[in-house]
Amino acid sequence: MTANEKNANGEHTGQVVVITGGASGLGARFAELFAKRGAHIVIGDIAEEAAHKLSASLGGTSIKCDVTKSNDVDALAQHAVSHFGKIDVFINNAGIAPIPNEERFATAVANQMLRLESNVAATTPLNVITDMTDDEWDHMLKVHLYGTFYGCRAAARYMTPQRSGSIINISSVLGLRPTALAPHYSTAKAAIIALTKSQSQELAPLGVRVNAVCPGYIDTPLLAPMNELMKVAIVSQIGVGRLGTDDEIAEMVSFIASRKASYCTGEIFSVTGGYSG
Ligand code: NDP
């Protein structure tokens, strides 16, 4: 083990780290990495059993939490404080994927080919906006944007009196480069960036840092509903030629939560492997 790795292993000693959506994918990896580096882990997830199993294996705790419900998110923060006495890091990570529509994706790819031939007039309408229901729109914004707002608010209520803390919001590359195929997801993720910057200005003088991470396409269960054509098309737009790993995002989140990032607030950290879609 190198000296750097040894130091990293103690990086989060004694920190209390709350993770929404920590039962799966990125959130689960954050939990494992922070625990390995000395943190106390608190997971809030709708997947109650998986959250309990993981947190228990890491010596932490969990609570059922649906981030679309502000009472649940408040209860998560309260749960962390009653178990460990404080909150040092609050990661707003819970999320859902837009349900991929294979036919529409194939149409988008065909349209792209027509564009390359300068034949825009022949492209087929995607009808994403016109077919979207109120419920689809509302739920996407509720989980991502409202969930993140509830998390920021709950965390700030504990962090500002202690004059320290780090809030990390998981946005997406699609918040920076919106896609026509998922306007609700893109909008929610872009709004999280605005919320992050706004919150950081209010909380910086109070010792609380607020940052966002924009992962590119990362190999987690979130991508499971995608078919092979979708994955190939996406990877073809990633500079390094592959999907990202949960570790590659977890290392960035760990850095942001550490003392090394003491001058970082209101920042948007993009980790996309050179995605150019
Ligand atoms: P996963 O599906 O692996 O994990 C998401 C977790 O959040 C699951 O445990 C899920 O439970 C839980 N969850 C879903 N809805 C709620 C809710 N209302 N309240 C509480 N928990 C909930 O996805 P990822 O780990 O890939 O995604 C984590 C975050 O990263 C998301 O915000 C996502 O948008 C973002 N992201 C992911 C990218 C990727 O390529 N993977 C790229 C860019 C951003 P259940 O499994 O039961 O639904």
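## So, the overall build of the protein
- On a plain count of helices and strands, the protein comes out with 11 helices and 7 strands.
- Computed over C-alpha atoms, the radius of gyration of the protein comes to 19 Å, within 12% of the 19 Å expected from 2.2 N^0.38 for 277 residues, which places it in the range of a compact globule.
- Dimensions of the protein, computed from the C-alpha atoms along their principal axes, are close to 60 × 45 × 40 Å.
- When the 277 residues of the protein are sorted by exposure, 48% land in the buried category.
- Long-range pairs, those at least 24 residues apart, make up 72% of the contacts in the protein between residues at least 6 apart in sequence.
- Total accessible area on the protein stands at roughly 13100 Å², and carbon and sulfur atoms take up 53% of it.
- In the protein, 22 side chains carry a positive charge and 26 a negative one; their mean positions are 8 Å apart.

## Some details on helix α5 (residues 102-116)
- The end-to-end C-alpha separation of α5 is 21 Å, in line with the 21 Å expected for 15 residues at 1.5 Å each.
- Among all positions of α5, only Arg104, Phe105, Thr107, Asn111 and Leu114 are buried.
- Looking at the packing, one finds that the buried side of α5 touches α6 (128-131) and α10 (228-235).
- With a side-chain oxygen lying 3.1 Å from the backbone nitrogen of glutamate 103, the N-terminal cap of α5 falls on asparagine 101.
- The first or second residue beyond α5 is serine 118, which carries a positive phi of 60°.

## Here we look at the side chain of glutamine 15
- Positionally, glutamine 15 belongs in the loop between α1 (3-9) and β1 (16-20).
- For glutamine 15, a relative accessible area of 15% translates into the label buried.
- A polar side-chain atom of glutamine 15 sits 3.3 Å from the main-chain carbonyl oxygen of alanine 257.
- Discounting residues that sit within four places of it in the chain, glutamine 15 has contacts with Phe34, Gly38, Ala39, His40, Asp88, Val89 and Ala257.

## Section: the pattern of salt bridges
- A complete count under the given rule lists 9 salt bridges for this structure.
- The salt bridge partner of arginine 259 is glutamate 11, with a shortest N-O separation of 4.0 Å. Of this pair, arginine 259 sits in the loop between α11 (246-257) and β7 (268-271) while glutamate 11 sits in the loop between α1 and β1, and the two are 248 residues apart along the sequence.
- Among the residues examined, arginine 259 registers a relative accessible area of 65% and is labelled exposed.

## Digging into the sheet that holds strand β6 (residues 208-215)
- With parallel pairing, the 7 strands of this open sheet are ordered in space as β3-β2-β1-β4-β5-β6-β7. Looking along the sheet, the strands with just one partner apiece sit at the ends: β3 (61-64) and β7. With direction set aside, neighbouring strand axes in the sheet form an average angle of 15°.
- Inspection of the sheet shows β6 paired to β7 by 4 bridges, in the parallel sense. Counted as the bridge partner of valine 213 is phenylalanine 269 from β7.
- Packing of α11 onto the sheet brings it into contact with β4 (89-92), β5 (165-170), β6 and β7, and relative to β6 it is tilted by some 165°.

## Looking at the site of the ligand
- Inspection of the region around the ligand gives 28 residues, with Ser24, Leu26, Tyr185, Ile218 and Thr220 positioned closest.
- Within the contact set of the ligand, an oxygen atom lies 2.8 Å away from a backbone nitrogen or oxygen of leucine 26.
- Interatomic distance of 2.8 Å between a backbone N/O atom of isoleucine 218 and an oxygen atom of the ligand.
- Contact with the protein chains hides 88% of the accessible area of the ligand, taken as 890 Å² for the molecule alone.
- If you list the elements that add at least two residues to the shell around the ligand, you get α2 (25-36) and α9 (183-203).
- Among the residues forming the shell around the ligand, the class breakdown is 15 nonpolar, 10 polar and 3 charged.

## Observations concerning the nonpolar core
- Formed by 30 residues in total, the largest nonpolar core has its most connected members in Phe30, Phe34, Ile41, Ile91, Ile168 and Val253.
- Elements with a contribution of two residues or more to this core: β1, α2, β2 (40-45), α3 (48-57), β4, β5, α11 and β7.
- For this core, the leading source of residues is α2, giving 7 residues.
- Here phenylalanine 30 is in contact with Ile19, Ile91, Asn93, Ile170, Ile249, Ala250 and Val253, once residues within four sequence places are set aside.

Analysis parameters
Residues numbered from 1 in each chain as written. Predicted model: local features only at pLDDT ≥ 70, side-chain atom pairs only at ≥ 80, totals over all residues. Heavy atoms only, no water. Helix = DSSP H or I, 4+ residues; strand = E, 2+ residues; numbered from the N terminus. Rg over C-alpha atoms; globule rule 2.2 N^0.38 Å. Buried < 20%, exposed > 50% of the residue type's maximum accessible area, 1.4 Å probe, protein only. Contact = heavy atoms within 4.5 Å. Areas by Shrake-Rupley, 256 points an atom, 1.4 Å probe, with all protein chains shown as cover. Lys, Arg positive; Asp, Glu negative; His and termini not counted. Charge placed at Lys NZ, Arg CZ, Asp CG, Glu CD. Expected span 1.5 Å × (residues − 1). Polar contact = N/O pair within 3.5 Å; in protein donor to acceptor, adjacent residues only side chain to side chain. Salt bridge = Lys/Arg side-chain N within 4 Å of Asp/Glu carboxyl O. Pairing = 2+ DSSP bridges. Axes fitted to C-alpha atoms, helices over the stretch in contact; angles between N-to-C directions. Near = heavy atom within 4 Å. Nonpolar A, V, L, I, M, F, W, Y, C, P; charged D, E, K, R; others polar. Core = buried A, V, L, I, M, F, W, Y, C linked by side-chain atoms within 4.5 Å.

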